[in-house]
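# Observations on chain architecture
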Amino acid sequence: MNFLDFIAGNYIDIQLSLLRHIELVGISVLIGMMIAIPVGIFLSRHKRMSGPVLAVAGTIQTIPGLVMLGFALILFGIGRLPALVVLSLYAILPILHNTFTGITQVDQSYIEAGRGIGMTSRQILYKVELPLAMSSIISGIRISTVYIVSWSTLAGLIGAGGLGDLIWTGLSSYNSNYILAGAVPSAILAFAFSGLIGLLQRMLMPRGLRGVRV
Amino acid sequence: MIKFQNISKSYGHSIVLDDISFEIKQGEFVVLIGPSGCGKTTTLKTINRLIEPNKGKIFINGKDITKVNPVELRRTIGYVIQQIGLFPNMTVEQNIAVVPKLLKYPKPKWQEIVHNLLELVDMPYEEFAHKYPSELSGGQQQRIGVLRALAASPPIVLMDEPFGALDPITRDSLQEEVKHLQKKLKKTIVFVTHDMEEALRMADTIVFMNRGKIIQMASPEELLQNPADPIIKSFMGRHMENENNAPKLLAEDFMRTKVLKVPKTSHTLECIELMSRRDVNSLIVLNDDDTYAGTVTIEAIKAHGKAGREISELLSEDAVTIHRKEDARQAFDKLLASSSNYVIVLNDNRTVAGLITRTSMAKALGEALWGEMKS
Ligand SMILES: Nc1ncnc2c1ncn2[C@@H]1O[C@H](COP(=O)(O)OP(=O)(O)OP(=O)(O)O)[C@@H](O)[C@H]1O
Ligand SMILES: [Mg+2]
């Protein structure tokens, strides 16, 4: 059976896996953002804590995905929950890192001006620091998303579904069509997300910031 | 209006401000000057509580500023910094309106403020309001920086080397504009610079600092005539007589003092008549209080003037002006750089002291080369 026939034959299955995959990526990146952005903001206010916290986050990143999935399996059993926990953890670091550096790299003169004209530190955060760090934060989200698209394929191992399912099925039955049916869409997905987020990044950037060092 | 009472500030063992006391009057233009690291910026920032002193008190209108919430205090004090610090994610209009918005002014009110302020510096609203800082020149950016500081009509404005990063020509015109705005809006300004030229030109009172102490607080004339310390002399460099006592030449040494001046309220016909009688093609125009208002040219009157109207409508503020204590060299450079035939020499109180014309310049150069000439 050639690959195209295979796809035509298993169209519904592949589509379902793809949707499952997108869901996994979307939810875990979202959770990652909800943790990483506030923590990144917090660290930018308490720089002394940033070293240790970023180091811990960096260490988590270096633990191999399979090991993490193993732990999660032990702790949470099989299914979507352990996969989401692990993927969200992986999603945190790039966003956290970029939020922190994005904010701390905002030129001191804007902050001094803001303080000097009577902005509270919350107003400086929302009106100056976050808009100026936005581009960096979004590129953190982009990096996370691309990673998570590929790591999500591992999640098939513990029964979370997604394109990983197809790949693992293919690997265990030596069926290259299954492998390709999982791998090709996930590669396309990574490109598509990356391009889409890049577009969003450009759209959200105020005209005044294009080509400006912040 | 602003009173420093025994202010000291130190970081660890290094004493940055050492028991400073002085007072700034309402409407005064005070310039802090001194060598790098002497504590000018620190002094300035204690006024809006960006820096809290270790000892002493500061009063604004009799009120101890530590009793005021720092954020609220800062909204009543304009602040301009050398790095300008316009928010790059906001348009010119949004930047100017920042403080009025923080103060919850209704939209029509802050919009009107933006309109009026842009008009004040000759930057038309339609053209500039919706530009971003990155789309402006350095000089234009700092104009907006100044307007942002003025937007909520603070009675006091603090400026920390606001023109330090601008080219000399832009700096000149901004100095003029700020001085003009200060007079017009009756602001109390505390201005930091390390450029004596700028201090002499702008200040009502100069505060000379060194190593965290005030060495002398005096008017520009007083400082030039009786510098209290050798370091002030060295700082003034070319504004002072040189070592060998050869007198240094100032703008006032070259100016003609007989100049034709007319009040702003004069009418077009009398001006034309005066010009043709004295064979000149422009006149210096004075405000009611005898301060310099601008010039009016025969072309302007012919092109736009209607008989019997006041010349105040035809005023041009393009003429180059210079302080009488400025280096003569400066005056010449400006004269050569401008298309005009003269520069106007002003006294401290902005009344007109005289004119330096191309002829008087040539004469001065001649004297320098060939000795005293008959006039
Ligand atoms: N946060 C700080 N910690 C330690 N020392 C400081 C701090 N801020 C300023 N200083 C020191 O205080 C002294 C005065 O600083 P300040 O900024 O007031 O100088 P300045 O007169 O404005 O100088 P410049 O003309 O270079 O701007 C300097 O010696 C500086 O090194
Ligand atoms: Mg300074």
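The rules we used
Residues numbered from 1 in each chain as written. Chains lettered and ligands numbered in written order. Predicted model: local features only at pLDDT ≥ 70, side-chain atom pairs only at ≥ 80, totals over all residues. Heavy atoms only, no water. Domains from an automatic or database assignment. Contact = heavy atoms within 4.5 Å. Salt bridge = Lys/Arg side-chain N within 4 Å of Asp/Glu carboxyl O. Helix = DSSP H or I, 4+ residues; strand = E, 2+ residues; numbered from the N terminus. Nonpolar A, V, L, I, M, F, W, Y, C, P; charged D, E, K, R; others polar. Pairing = 2+ DSSP bridges. Axes fitted to C-alpha atoms, helices over the stretch in contact; angles between N-to-C directions. Expected span 1.5 Å × (residues − 1). Bend = angle between axes of the 7 residues up to and from the residue. Buried < 20%, exposed > 50% of the residue type's maximum accessible area, 1.4 Å probe, protein only.

## With respect to the domain arrangement of chain B
A common way to state how big an interface is: give the accessible area lost once the parts meet. Residue and element names in this part refer to chain B. Parsing chain B into structural domains produces domain 1 (2–239) and domain 2 (253–367). One C-alpha centre belongs to domain 1, the other to domain 2, and the line joining them spans 30 Å. Residue-level contacts link eleven residues of domain 1 with nine residues of domain 2. Our enumeration of links across domain 1 and domain 2 arrives at two salt bridges. The shortest N-O distance in the salt bridge between lysine 334 and aspartate 172 comes to 3.0 Å. Contributing elements (two or more residues each) for the side of domain 1 that touches domain 2: helix H8 (168–185), helix H9 (196–202) and helix H10 (220–225). For the side of domain 1 that touches domain 2, the class distribution of residues is three nonpolar, one polar and seven charged.

## A few points about the sheet that holds strand E3 (residues 29–33) of chain B
Residues and elements named next belong to chain B. With mixed pairing, six strands are arranged side by side in an open sheet as E6-E7-E8-E3-E9-E10. A strand with exactly one partner marks an edge of an open sheet, and here the two such strands are strand E6 (77–81) and strand E10 (213–218). Shown here is a sheet whose adjacent strand axes are inclined to one another by a mean of 15 degrees, direction ignored. In the sheet, E3 pairs with strand E8 (residues 188–192) via four bridges, with the strands oriented parallel. Opposite phenylalanine 29, over in E8, you have isoleucine 189 as the bridge partner. The strands that helix H7 (residues 138–150) touches are E6 and strand E7 (156–160); relative to E6, the one it contacts most, it runs at about 160 degrees.

## A word on helix H5 (residues 80–104) of chain A
Residue and element names in this part refer to chain A. For H5, spanning 25 residues, the distance from its first C-alpha to its last is 36 Å, which sits close to the expected 36 Å at 1.5 Å a residue. Where H5 bends most, the angle comes to about 25 degrees, and this point is isoleucine 92, followed within four residues by the proline proline 94. Counting buried residues along H5, 18 of its 25 residues qualify, which places the element largely inside the surrounding structure.

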